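Structural overview
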Amino acid sequence: MTAAALVAQTPPPQTPPATAGQGQPAPTSPATQSQPPVTFKVEINYVEIDAIVTDAQGNFVRDLKKEDFQVTEDGKAQSVAIFSMVDIPVERAVAPLYTSTPIEPDVQTNEREFAGRVYMILLDDLHTAGLRSQLVRRAAKQFIERFLGANDMAAVVHTSGRADASQDFTSNKRLLMAAVDKFMGKKLRSATLEKQAEYNNRRGTPMESDPLKDPADFERGYQARAMLSTLKNAAEFLSGIRGRRKALLFLSEGIDYDIYDVFGTSSATQILDETRDAIGTATRANVAIYSIDPRGLTTMGDEVMELTAPPQDPSLRLNAQGLQDELRLSQDSLRVFSEETGGFASVNSNDFAKAFDRVVRDNSSYYVLGYYSTNERRDGRFRKVSVRLNRPGLEVRARKGYVAPRGRANTPPPPKEGSAALREAINSPIPIAGLTLRTFAAPFKGVPPKASVLIAVEIDGADLKFVEKGGVFQNQLEVTALAYDEKGKLADSKPMTLKLDLRPQTRDAVEKNGFRLTTRLQLAPGRYQLRIGGREANGGLVGSVLNDLEVPDYWKVPFAMSGLALTSASAARTPTAAPDPELKDLLPGPPIAVREFPTGDRLVLYTEVYDGEAAKPHGVDITTTLTADEGRVLFTTSEERKSTELEGPRGGYGYRAEVPLANVAPGLYVLQVEARSRLGPVAARQVLLKVR
């Protein structure tokens, strides 16, 4: 299950939201400075607190130790069991010097443990006026473009539960902004304006016998509870990530429901209870909510313009004051979400950049304090937490407490050996380091209407622990590839179990060069998140990677190119299980997930160009270039294909090219294949390479 799909599954507000925290991976440790790796014992009474410590000038203090902190819960001292300092730099994506746009990587790896920031961007379409949708899109895209580091991950979710408009966790800014572009507010008309319209329709009717009510009360309450359900689901999903701060960026105009009018409204009590429940879930999950009011500095001018002459009775508040009361209530709800969870609210301000900069700073440098509460009661009560310092002159900011869980704890069934660990890694919202993986995926035209997606998985041989029996070195590998569509549904999967019985020579080659396997998934056109995980039996190492994939509609697009499959002379030394049968006669070696090559190596690429204009005689020019970082073309080769060559159901040209790396100096390079039809259409693929 993916994050976007799980959070977007907003149930009817009358029913409890689906639990999002089940099946999460073993907690991972953040990037720490001068600290050993952190491991966590998952228990129901484990509490994690983030503490931001600054000096008198507002600078983060980096030299504190566990002994410098005092943590109390409801006045009782707690023993800090887990301590680490997180100090995350803001990394920028690598782009060739000749272009300002980074080239999206076609290979994903967990070689480096994920050590960036985690953001859930929650766009509240249920409480944003349609005419102000652009304000939300502009603010969210500003955050993604300017403040999201290359080492960060973010997801985009809409409170209405629009799965088609969500984006799961990724570092790909283009995909995140595409999800933001789909945002459209659907906030109901102001309750004051609705009441005024009702008042005008009922002129002459005594109000005492039939008190004036909001005609949209039920729907307004439903939307408030739906939003709170999504907010709670988001916090529960993020609870599976431990050892790091988690930020929920909440772009919303706030709840537009009068929660204080318990007699004149139908849902005030329910909304209050569900607000407490959502905040309690966030505090237990250690999720900081940062509320951003996209209206900025506002006086509700748009709504004021709709007011007609107010009634004579001022107690009805069907006037500008009534609109101001609505504004105050909505902004207060944003402040409550943030203040109770350790974030902050940006309201009545047009300076979003300042707020976003503060969000990044909050989530870049902090201390993680984990303790096992001495109070194990599951009474659902708020527990006040205080974090103090033994060193004078410093300021510490941490959340004020958390709400204890209520009721009996859910006890998951005992995990089965092997597959449970792999399943937990694949279900993780972030990549899991351990068993080092490199993965590559390339779509090709398949059986209509689907594409055949080639997947190559490479495993670091140093991670494989072999046991010798009778001169044979043994281990077992589990590898699973899952593809989830944009609605969070599993579209295809390929579980593989490989028993490795290797002779000494092959074992030596695996340990030195790694191990590779290939497989195929059959996917319809659309957006997917590939979740690929592996587990080796002897050492128990587990790892996972996430791969964003877009599958074109090769059967309808008149001119398109498949993915780009690469192999090289040096990569051929890696032992490969189950070579891809469709490419074995088209490439001299197996398709690889390596993008770093030694000087003097030789690359061979294969791609297919699909041309739907066979009825019109024409030519297609296919060109391969290797371009240096500064824009200098080092290698180029071209060939012309004729439309008369188009035969068979694939309707395309198979194209192969060799790219020598002899005399190529170490550095970054861009490998590009471009197909240009003489009728006009163009298709291209780019791959970022490194030569060492």
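Residues numbered from 1 in each chain as written. Predicted model: local features only at pLDDT ≥ 70, side-chain atom pairs only at ≥ 80, totals over all residues. Heavy atoms only, no water.

**Concerning the side chain of Arg-641**
- One can find Arg-641 in strand 30 (residues 633-642).
- A polar atom in the side chain of Arg-641 sits 2.9 Å from the side chain of Glu-645.
- Sequence-distant contacts of Arg-641, that is, excluding residues within four places in its chain, are made with His-618, Gly-619, Val-620, Ile-622, Tyr-653, Gly-654 and Tyr-655. (Helix = DSSP H or I, 4+ residues; strand = E, 2+ residues; numbered from the N terminus. Polar contact = N/O pair within 3.5 Å; in protein donor to acceptor, adjacent residues only side chain to side chain. Contact = heavy atoms within 4.5 Å.)

**Quick look at the sheet that holds strand 14 (residues 395-397)**
- Taken in spatial order, the four strands of this open sheet run 4-12-1-14, and their pairing is antiparallel. At either margin of the open sheet sits one strand with a lone partner, and together these are strand 4 (80-87) and strand 14. Shown here is a sheet whose adjacent strand axes are inclined to one another by a mean of 25°, direction ignored.
- On the sheet, helix 9 (residues 352-362) packs against strand 1 (46-54), strand 12 (365-372) and strand 14 and is oriented at approximately 50° with respect to strand 12. (Pairing = 2+ DSSP bridges. Axes fitted to C-alpha atoms, helices over the stretch in contact; angles between N-to-C directions.)

**Some points on the nonpolar core**
- Grouped together as the largest cluster of nonpolar side chains are 45 residues, with contacts concentrated most on Ile-455 and Leu-523.
- Every element with two or more residues in this core is listed here: strand 16 (437-445), strand 17 (451-459), strand 19 (472-485), strand 20 (490-502), strand 21 (515-523), strand 22 (526-536), strand 23 (542-551) and strand 28 (602-611).
- For this core, the leading source of residues is strand 17, giving seven residues.
- When near neighbours in sequence (up to four residues on either side) are disregarded, Ile-455 contacts Phe-440, Ala-441, Ala-481, Leu-517, Thr-518, Thr-519, Leu-521, Leu-530 and Ile-532.
- By size, the runner-up hydrophobic cluster in this structure holds 37 residues, among which are Phe-114, Val-157, Phe-250 and Ile-289. (Core = buried A, V, L, I, M, F, W, Y, C linked by side-chain atoms within 4.5 Å. Buried < 20%, exposed > 50% of the residue type's maximum accessible area, 1.4 Å probe, protein only.)

**Remarks on the packing of helix 2 (residues 133-147) against helix 3 (residues 173-181)**
- Relative to each other, helix 2 and helix 3 sit at 170°, their axes nearing to 9 Å. Between helix 2 and helix 3, the angle is such that the two are roughly antiparallel. Between helix 2 and helix 3, the contacting residues are Arg-137, Ala-140, Lys-141, Ile-144 and Glu-145 on the first element and Lys-173, Leu-176, Met-177, Val-180 and Asp-181 on the second.
- Taken together, the residues that form the contact of helix 2 with helix 3 break down as five nonpolar, no polar and five charged. (Parallel < 35°, antiparallel > 145°, perpendicular 65-115°, else oblique. Nonpolar A, V, L, I, M, F, W, Y, C, P; charged D, E, K, R; others polar.)

**Focus: the confidence of the model for the chain**
- Taken residue by residue, the chain gives an average pLDDT of 87. The fraction at 70 or more is 87%.
- Under a pLDDT of 50 for its full length, residues 14-43 has, in the predicted model, 74 contacts with residues more than four places off or in other chains. (pLDDT = per-residue confidence, 0-100.)

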